[in-house]
Amino acid sequence: MRSPDDGSDGARPLVTPAALDLDDLIGELRARAEASTRSHERLAHLLDAVVAVTADLELSDVLSRIVLAACELVDAKYGALGVLDRDREHLVEFITRGLTPEERAAIGELPHGKGVLGLLIREPHPLRLPDLSEHPSSYGFPPHHPAMHTFLGAPVRIRNEVFGNIYLTEKSDGEEFTADDEAILVALAASAGIAIDNARLYERTRRQRAWVETSSELSQRLLEGSTERDAMRFLVAEAVEHAYARHGFVALHDELGQLHVVTCDLQPDTVGCDAVLEAPGWRTLVQEGEPVLLGSDRNLPPGVEDGLLTELAAVLGDGHGEIAVLPVVVGTEDVGVLVVAWDKDSASVAAEMIELLAGLAGQTGLALTASRAQRDKSRLVLLEDRDRIARDMHDHVIQRLFVTGLSLQAASHLATHPTVRARVDDAVDELDRAIKDIRRAIFELHEVNAPTAQQAILDLVADLTTPLGFHPDVSVEGSVDRLPADVMTDVLAVVREALSNIARHAGADRASVHVECAQELLVRVRDNGGGIADVARRSGLDNLARRAQVHGGSLEVRPRAPSGTELAWRIPLTETRRQEQAGSR
């Protein structure tokens, strides 16, 4: 028999309080399990993001990956990474995510760190807001800016210094950012700081290697006989490229002590590319020996007047951002100055490069001083050799000729035949002329500035710079200074004719002259113009061909790809000439 409350009448059994507690507990366990699963998933996503962020060493790629990872981790529609300037006061770079190129173009100038963004700069702590516009520091949005309400930001630190800030807005589900979102972003920012530091160290190491290679190549060029103008042209090109700059120039002190611009990377016909820098501020900066970075506000150091800025604008033009003025000095000797200019909005790049460029300027001073010392030593050796030859000619050759002349003069009085006497007198006169010629040669041997064959080539090229409108690159290899006089005359004629044809007919803006003396003598002249006209081929080039044929050589003129012409004039060096060169070493 059933009891009255056993449900035998078909009614639903009563639920006890214990059963309700069990259902709540199971529900809570399920909720906690789901929350734990979500936490594990977010942790896994965070670890994946950290791996993705640290997988590359290119700084620009690392910054972009950080913004992408932050948006994906907290499900934000818009994200940005603002990089602070050297003074940690303003944003100099702003990497965004979620904005289309059209939206970025419509917004215009990117933020510099005002409003809530500036608050995170001044107070570098995580910041979570339900509505940006309601915060007291809100600065508003520029026209065409997408609507943004919810906000989450966190600083990115590198060795206890704030590198920048991560900004996230508009959670995709329309809800506010949570405390878990903030914790995830703070963890990502910590990993991002390590990744950015590694990328910056890698970039700095790569740049340092590039500077070392540039310094080595510059020293080698100068010590191998390249002109200072050509070597400085190489220096400016490398400095502008590796410093991510816009323009640059080098000015060196000449024999008169004037600071003369020897090369710049602008067009050769630019007025300032051959200027003399006369402002007293230049000497002040060079004598202090410390690099100076002029910001866009152009605030000059104390004691430097505005005339320096005027001359900078004359050489570089307007529209630049930061300009680095780097003295080229060796000890107390003022050699010159290296100037590098960047585009606007490149303040952070300029600040990072100033130290590396200062090191390059110091190496440039050493290379210039070493090459000048080598040149002076070579000139001293040459003068000593000439002095020895002059003494031998004076003490031996002239004396013997003089004694022979006196003997002939005495013998002429004993000659009875008029014809014999006349011939003896003519011989004496010839000896007198020979003695005068030798004395003249001795005097010329003592001239300090007697040009060498290599210097004659360089002087010839320099003389043709004006009709060309630019300075050609010149390289000389081998013992050109020991070539016979007739061959050297032909070499100069080839260089003169080739460059003159380029100036008259080619329409080129670049040319090179290469002279090489080895098993054969090669003179090669190249340009990037439109080719030499037929009239030049029929006239001047025929003369060069005949000069080559006299020595058993040849002349070849052929077009270059994609434009220009190459002239190759070569003659064999006979065994006798090679032995003379070897013996004179």
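As shown above, the structure is provided for reference.
What counts and how
- Residues numbered from 1 in each chain as written.
- Predicted model: local features only at pLDDT ≥ 70, side-chain atom pairs only at ≥ 80, totals over all residues.
- Heavy atoms only, no water.
- Pairing = 2+ DSSP bridges.
- Helix = DSSP H or I, 4+ residues; strand = E, 2+ residues; numbered from the N terminus.
- Contact = heavy atoms within 4.5 Å.
- Axes fitted to C-alpha atoms, helices over the stretch in contact; angles between N-to-C directions.
- Buried < 20%, exposed > 50% of the residue type's maximum accessible area, 1.4 Å probe, protein only.
- Arc of directions from axis to C-beta.
- Phe/Tyr/Trp six-rings, centres within 6.5 Å; stacked < 30°, edge-to-face > 60°.
- Lys NZ or Arg CZ within 6 Å of the ring centre and 35° of its normal.
- Salt bridge = Lys/Arg side-chain N within 4 Å of Asp/Glu carboxyl O.

> Break down the sheet that holds strand S11 (residues 333–341) for me, with residues and values.
Ordered by their spatial adjacency, six strands build an open sheet running S8-S7-S6-S11-S10-S9, and the pairing between neighbours is antiparallel. Every interior strand has two partners, whereas the edge strands, strand S8 (276–277) and strand S9 (292–294), have only one. Two elements, strand S7 (residues 259–264) and S8, share two bridges in a ladder whose sense is antiparallel. If you follow His 260 over to S8, its bridge partner there is Val 276. Against the sheet, helix H7 (residues 280–288) engages strand S6 (247–253), S7, S8, S9, strand S10 (323–330) and S11, with an angle of about 105° to S11. Packed on one face of the sheet, helix H8 (residues 307–316) meets S6, S7, S8, S9, S10 and S11 and runs near 120° to S6.

> Account for H7, naming residues and giving values.
Where H7 is concerned, the buried positions are Gly 281, Trp 282, Leu 285 and Val 286. Down the axis of H7, the smallest arc covering the buried residues is 130°, so these residues share one side. Residues of H7 that are exposed and point over 90 degrees away from its buried face: Pro 280 and Gln 287.

> Could you give me a rundown of the packing of aromatic side chains, with the residues and numbers involved?
All chains considered together, the criterion is met by two aromatic pairs. Relative to Tyr 167, the ring of Phe 151 lies with its centre 6.3 Å away and its plane at 35°, an arrangement referred to as tilted. Of this pair, Phe 151 sits in strand S4 (residues 151–158) while Tyr 167 is found in strand S5 (residues 161–171), placing the two residues 16 residues apart along the sequence. The class of Tyr 167 is buried, set by a relative accessible area of 4%. Counting every residue linked through ring pairs, the aromatic cluster contains Phe 94, Phe 151 and Tyr 167. The cationic tip of Arg 221 hangs over the ring face of Phe 234; the distance from NZ or CZ to the ring centre is 4.1 Å.

> Could you give an account of the pattern of salt bridges, with specific residues and numbers?
By the definition in use, this model includes 13 salt bridges. Residue Arg 547 pairs with Asp 490 through a salt bridge whose shortest N-O separation is 2.5 Å. Here the residue Arg 547 occupies a position in helix H15 (residues 540–550), and Asp 490 occupies one in helix H13 (residues 485–506), the gap between them amounting to 57 residues. Exposure remark for Arg 547: the relative accessible area of 31% places this residue in the partly exposed category. The class of Asp 490 is buried, set by a relative accessible area of 9%. In this structure, Arg 558 and Glu 556 form a salt bridge, with 2.8 Å as the shortest nitrogen-oxygen distance. A residue is classified by how much of its surface remains accessible, and Glu 556, at 35% relative accessible area, is partly exposed. Linked through salt bridges whose partners overlap, the residues forming this network are Asp 230, Arg 233, Asp 473 and Arg 510.

Any functional reading would require information that these geometric values do not contain.
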